[in-house]
Amino acid sequence: MELEGATVSIDAIGCNDTVINAILAQDADYIVGLKRNQPSLYQAVLNYASEKGNKINTLVSDSFDDGHGRCIRRRYFTFALPDSICAKGPAKLKTCVAVESIVSQQHSPKVNANWRYYITDHDASHPGLPGYVRKHWEIESYHWLLDVHLNDDNDKKYEENSAENFARMRRFLLNLVNSKPQKGKKESVRTRLKRISWDREALVELLFG
């Protein structure tokens, strides 16, 4: 892949020297999830975030997402990490992005909060950090839909053209279903896919408008 000038986001599985050095070798930047698969670094970042990082002066984004019977408040904190912590992590590590998600469900008195942590070689003042995290999860959600509704992960075609063609068709179908404006009560992706498999007129309308 040609990555020069890009910022690559990866789950915690990518938090290792092999992956990050490959990104840096192409003059790209990284933002990767940090979890307990890197126990020493994770604990050091967690302690620093609790003591000095997650403060009102490091809050860079505070937003609400209301839909599907729940409300999510997302708060993004970005702060520089001290050299002692950066030395435990991958090359060029500079900054931590801490994300607090506060979730309330409709018809439930419970409010749940959880934290996620990301590390990056960008400066803490970089304006794109919250967007990189949010867009990463949009991609994760997209792949989840492909797997759950269109069985993408279990498709084991090995012939190159066949694998690519079927992958493109699945993505074309999912994009088409998601882009079609809905009338009346909103339907889930699963319901919309079922409806076009049962109703030929609905399929024709989806394809040709």
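This is a predicted model, so every value here is computed, not measured.

Visitor: Hey, could you run me through the environment of serine 125 in this one?
Guide: Take serine 125: it is sitting in the loop between strand S6 (111-120) and helix H4 (129-150). Taking C-alpha positions, serine 125 is 22 Å from phenylalanine 64, a pair spaced 61 residues apart along the chain.

Visitor: Is there a simple way to explain the packing of helix H6 (residues 189-198) against helix H7 (residues 200-208) in this structure?
Guide: To characterise two packed helices, one gives the angle between the axes of the helices and the distance between these axes. Running from N to C, H6 and H7 cross one another at 115 degrees; their axes reach a closest spacing of 5 Å. It follows that H6 is roughly perpendicular to H7 by the angle criterion. Seen from H6, the contacting residues are Arg195, Ile196 and Trp198; seen from H7, they are Arg200, Ala202, Leu203 and Leu206. Tallied by class, the residues present in the contact of H6 with H7 amount to five nonpolar, no polar and two charged.

Visitor: Teacher, can you tell me more about the environment of lysine 185 here?
Guide: Examined against the element boundaries, lysine 185 turns out to sit in the loop between helix H5 (160-179) and H6. Overall, lysine 185 belongs to the exposed group, its relative accessible area being 75%. Here the alpha-carbon distance between lysine 185 and arginine 168, two residues 17 residues apart in the chain, equals 29 Å.

Visitor: Teacher, can you tell me more about the packing of aromatic side chains here?
Guide: Two aromatic rings are characterised by how far apart their centres lie and by the angle between their planes. For the structure on display, the rule yields four aromatic pairs. On the basis of an interplanar angle of 85 degrees and a centroid distance of 6.5 Å, the ring pair of tyrosine 42 and tyrosine 117 is categorised as edge-to-face. In this pair, tyrosine 42 is assigned in helix H2 (residues 39-53) and tyrosine 117 in strand S6, connecting sequence segments 75 residues apart. The burial state of tyrosine 42 is the same as that of tyrosine 117; both residues are buried. Ring geometry for tryptophan 115 versus tyrosine 117: centroids 6.3 Å apart, planes at 15 degrees, classification stacked. On the accessibility criterion, tryptophan 115 (34% relative accessible area) is partly exposed. In this structure an aromatic cluster arises from ring pairing among Tyr42, Phe77, Trp115 and Tyr117. The ring of phenylalanine 166 is capped by lysine 157, whose NZ or CZ atom sits 4.0 Å from the centre of that ring.

Visitor: Please clarify how the side chain of aspartate 152 should be interpreted in this entry.
Guide: Along the chain, the position of aspartate 152 falls in the loop between H4 and H5. Under the relative-accessibility criterion, aspartate 152 is labelled buried at 14%. Looking at aspartate 152, its side chain comes within polar contact range of the side chain of arginine 171, at 3.3 Å. Excluding residues that lie within four positions of it along the chain, aspartate 152 makes contacts with Leu146, Asp147, Arg170 and Arg171.

Visitor: Help me out: how do you make sense of the pairing of strand S2 (residues 29-34) in this one?
Guide: Walk down a regular strand and you will see the side chains alternate between the two sheet faces. Of all six residues making up S2, five are buried, and the element is well covered by its neighbours. Sheet topology places strand S1 (residues 7-10) next to S2; four bridges connect them, and they run parallel. Directly across from valine 8, in S2, lies its bridge partner tyrosine 30. You can see the chain leave S1, run along helix H1 (residues 17-25) and come back into S2, and the turn it takes is right-handed. Bridge count between S2 and S6: four bridges; the pairing is antiparallel. Pairing of valine 32 across the sheet is with isoleucine 119, part of S6.

Reading guide: rules and limits
- Residues numbered from 1 in each chain as written.
- Predicted model: local features only at pLDDT ≥ 70, side-chain atom pairs only at ≥ 80, totals over all residues.
- Heavy atoms only, no water.
- Helix = DSSP H or I, 4+ residues; strand = E, 2+ residues; numbered from the N terminus.
- Axes fitted to C-alpha atoms, helices over the stretch in contact; angles between N-to-C directions.
- Parallel < 35°, antiparallel > 145°, perpendicular 65-115°, else oblique.
- Contact = heavy atoms within 4.5 Å.
- Nonpolar A, V, L, I, M, F, W, Y, C, P; charged D, E, K, R; others polar.
- Buried < 20%, exposed > 50% of the residue type's maximum accessible area, 1.4 Å probe, protein only.
- Phe/Tyr/Trp six-rings, centres within 6.5 Å; stacked < 30°, edge-to-face > 60°.
- Lys NZ or Arg CZ within 6 Å of the ring centre and 35° of its normal.
- Polar contact = N/O pair within 3.5 Å; in protein donor to acceptor, adjacent residues only side chain to side chain.
- Pairing = 2+ DSSP bridges.
- Right-handed = clockwise from strand over helix to strand, strands pointing away.

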